[in-house]
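Secondary and tertiary structure notes
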Amino acid sequence: MNNLPNIVYLNGSYLPVEEAQISVMDRGFLFGDSVYEVVPVFGNNLLRVDEHLTRLQNSLNRVSMVNPLNSKEWAEIFSQLLNKNQGEDRAIYLQVSRGAYPVRDLSIKENYPATVFAMILQVTPPDMEVVSAGISVITVDDFRWHACDIKSTSLIANVMLKQQARVANVEDAILIRKGMVTEGTASNVFLVKDGIILTPPTVHATGNQLLLPGITRDLVIEIAEKNTIVVQQREIKETELYSADEIWMTSSTREIAPVIRLNGEAVGVGMDAGVAGEMWKRVMDLYQQHKLLLRSSNEQ
Ligand SMILES: Cc1ncc(COP(=O)(O)O)c(C=O)c1O
């Protein structure tokens, strides 16, 4: 029960989670017609909140929803929720659905208010010993749509793909579309080869959006480049996974997870195969330093 949020925000009110209710006609419930964000919080400081709100705006634009709140109003909700739900490492979950219509109809109609929901998730800080032990993953066919830049709550495909990983007794899956790496079920994918960091571009050559532009992805790229590590954003063939020196998966809640086994085989070559790599240690260390700085800073 400890991890349950206590006071949540719903359509203008702050109330205990048990009392927060929405209509069964809500389009988020009926169609998954809603978008969301997860913003990490260290101490009282939000990590890349502007970037998260920009991505929220992109999701809303893509599905023709109007942002129900401006950034000042969002900031006020975040600050109230953080005050009402104390903790160290936390994350803000927010969701905007197209609201409840009187009839079940796919067509979009104006003049129905959005449903706006937000809550605080308590996050257990990563135990470095556990994280550096690494994770095992499988590759699975990415059968999702071409609009993966929308952070939509329609996550049934991701649920199914994650289940494939669970059935295979591994932590996660790397998604492959037409022989190319896209992302994880809830994370972005990086490779290291010959001292260079590689990750797929956010927009595919066809113009299709085959992955979510992760905020952690961008931060990892920025931190690496600042430290003169070369990063290439380019298409990655599935076969490159098998000759990679290192593979990582990144997300706001997972940070940077080293992949040590892929489809049952150790990742990497030689003596270093099957253990978290040197580049991971370096970039993870830089990422933790960034977090420490944020935690001790006063700006939001
Ligand atoms: C499909 C998918 N890709 C990538 C990510 C990573 O995004 P972020 O780094 O912003 O958490 C997520 C996060 O939930 C995700 O669901």
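Everything that follows concerns the structure shown earlier in this document.
Here's what I pulled together on the structure shown here. (Residues numbered from 1 in each chain as written. Predicted model: local features only at pLDDT ≥ 70, side-chain atom pairs only at ≥ 80, totals over all residues. Heavy atoms only, no water.)

Thoughts on the overall build of the protein chain
Note the threshold: Helix and strand definitions here come from DSSP, where helices need a minimum of 4 consecutive H or I residues and strands a minimum of 2 consecutive E residues; each element is numbered from the N-terminal end. For this measure, only C-alpha atoms enter the radius of gyration; the expected value for a globule follows 2.2 Å times N^0.38, where N is the number of residues. Relative accessibility decides the category of a residue: with a 1.4 Å probe and only protein chains considered, values under 20% of the type maximum give buried, values over 50% give exposed, and everything between is partly exposed. Contacts between residues were defined by any pair of non-hydrogen atoms, one from each residue, lying within 4.5 Å. In these tables, accessible area is a Shrake-Rupley quantity obtained with a 1.4 Å probe, and a residue counts as shielded only by the protein chains included in the view.
In terms of helices and strands, the protein chain carries 8 helices and 15 strands. In terms of C-alpha radius of gyration, the protein chain reaches 20 Å, essentially the compact-globule figure of 19 Å for 300 residues. Taking the principal axes of its C-alpha atoms as reference, the protein chain extends roughly 60 × 45 × 35 Å. Relative to its 300 residues, the protein chain shows a buried fraction of 50%. A separation of at least 24 residues holds for 72% of the contacts in the protein chain among residues at least 6 apart in sequence. Summed over its atoms, the accessible surface of the protein chain is roughly 14900 Å², and 54% of this surface lies on carbon and sulfur atoms.

Observations regarding unusual backbone geometry
Even without being a glycine, asparagine 111 presents a positive backbone phi close to 75 degrees. Summarising the element assignment, asparagine 111 is placed in the loop between β5 (90–97) and β6 (115–122). Of note in this structure, glutamate 255 is not a glycine but carries a positive phi near 60 degrees. Among the structural elements, glutamate 255 can be located in strand β14 (residues 255–262).

Focus: the pairing of strand β11 (residues 196–199)
Worth spelling out the cut-off: Strands qualify as paired when DSSP identifies two bridges or more between them. A right-handed crossover is one whose linking path, passing over the helix from the first strand to the second, runs clockwise when the strands point away from the viewer.
Alignment of strand β10 (residues 188–193) against β11, held across 3 bridges, turns out to be antiparallel. By the bridge assignment for β11, valine 192 is matched with isoleucine 197. The turn linking β10 back onto β11 is made up of 2 residues, and aspartate 194 within it adopts a positive phi angle of 50 degrees. Pairing analysis gives 3 bridges linking β11 to strand β12 (residues 231–233), with the strands arranged parallel. The residue of β12 that forms the bridge with leucine 198 is glutamine 232. With helix α6 (residues 215–226) bridging β11 and its parallel neighbour β12, the resulting β-α-β unit is right-handed.

With respect to the pairing of strand β1 (residues 7–10)
Side chains Ile7 and Tyr9 project from β1 onto one buried face, and the interleaved Val8 and Leu10 project onto a second face that is buried too. Taking the residues between adjacent antiparallel strands as the criterion, β1 and strand β2 (residues 13–16) are bridged by 2 residues, where asparagine 11 takes a positive phi near 45 degrees. By the bridge criterion, 2 bridges tie β1 to β6 in an arrangement that is antiparallel. Within β6, the position partnered with leucine 10 by the bridge is phenylalanine 117.

Here we look at the sheet that holds strand β3 (residues 34–42)
Pairing between sheet strands relies on hydrogen bonds along the backbone, with the strands arranged either parallel or antiparallel. Here is the rule we go by: Axes here refer to lines fitted to C-alpha atoms; in helices the fit is confined to the stretch in contact. Angles between the N-to-C directions go from 0 to 180 degrees.
One open sheet accounts for 6 strands, arranged β2-β1-β6-β5-β3-β4; its pairing is antiparallel. Two strands lie at the open edges of the sheet, namely β2 and β4 (45–46), each paired on one side alone. Summarising the sheet, β1 and β2 pair through 4 bridges and their orientation is antiparallel. By the bridge assignment, tyrosine 9 is partnered in β2 with tyrosine 14. In the packing of helix α2 (residues 49–62) onto the sheet, the strands contacted are β3, β4 and β5, and the crossing angle to β3 comes to about 175 degrees.

Let's talk about the environment of asparagine 158
Tracing the backbone through its elements, the reader meets asparagine 158 in helix α5 (residues 156–167). Assessed through its relative accessible area of 15%, asparagine 158 is described here as buried. Sequence separation of asparagine 158 and glutamine 57 is 101 residues, and the distance between their C-alpha atoms is 22 Å.

Comments concerning the packing of aromatic side chains
Selection rule: Note on aromatic contacts: the rings of Phe and Tyr and the six-membered ring of Trp form a pair at centre separations within 6.5 Å, being stacked when their planes are under 30 degrees apart, edge-to-face when over 60 apart, and tilted otherwise. Throughout this description, the term charge over a ring refers to an Arg CZ or Lys NZ atom that lies within 6 Å of the ring centre and within 35 degrees of the ring normal.
Applying the stated rule across the entire model yields 6 aromatic pairs. Among the aromatic residues, those joined into a ring-pair cluster are Tyr36, Tyr93 and Phe117. Above the plane of the ring of tyrosine 14 lies lysine 84, whose end atom (NZ or CZ) is 5.0 Å from the centre.

Examining the site of the ligand
Which entries qualify depends on this criterion: Residues are counted as near a molecule or strand when any one of their heavy atoms sits within 4 Å of it. Two N or O atoms count as a polar contact when they lie within 3.5 Å, although within protein this holds only if one can serve as hydrogen donor and the other as acceptor, and sequence-adjacent residues are included solely when both atoms are side-chain atoms. Each residue receives one of three labels: charged for Asp, Glu, Lys and Arg, nonpolar for Ala, Val, Leu, Ile, Met, Phe, Trp, Tyr, Cys and Pro, and polar for the others, Gly being one of them.
Surrounding the ligand, one finds 15 residues, the nearest of these being Arg55, Glu183, Ile215, Thr216 and Ser252. Between the ligand and arginine 55, the relevant distance is 2.8 Å, taken from an oxygen atom to a side-chain nitrogen or oxygen of the residue. Interatomic distance of 2.8 Å between a backbone N/O atom of serine 252 and an oxygen atom of the ligand. Coverage of the ligand by the protein amounts to 91% of the 390 Å² it exposes when considered alone. Every element with two or more residues in the shell around the ligand is listed here: α6 and β13 (246–251). By residue class, the composition of the shell around the ligand is 3 nonpolar, 9 polar and 3 charged.

Some details on empty space enclosed by the protein
Stated precisely, the cut-off is as follows: Two kinds of site are reported from a 1 Å grid over the protein atoms alone, namely cavities, where a 1.4 Å probe fits but cannot get out, and pockets, open sets with protein on both sides within 12 Å along at least five of seven lines, and residues are called lining when an atom falls within 4 Å of a point. Grid points are joined across faces, edges and corners, and a volume is the space filled by probe spheres set on the points. Note: domain ranges come from an automatic or database domain assignment.
Summed over all chains, the structure comprises 3 cavities of 30 Å³ or more. Counted as a void, the largest cavity has a volume near 80 Å³. Along the walls of the largest cavity sit 13 residues, with Phe42, Val123, Ser252, Thr253 and Glu255 positioned nearest its centre. Every element with two or more residues in the lining of the largest cavity is listed here: β3 and β5. Built from parts of two domains, the lining of the largest cavity gets at least three residues from each of domain 1 (7–122) and domain 2 (128–294). Here the second largest cavity defines a volume of roughly 40 Å³. When residues of the lining of the second largest cavity are traced back to their parent elements, those giving at least two are β13 and β14. Looking at side-chain class alone, the lining of the second largest cavity contains 8 nonpolar, 1 polar and 2 charged residues.

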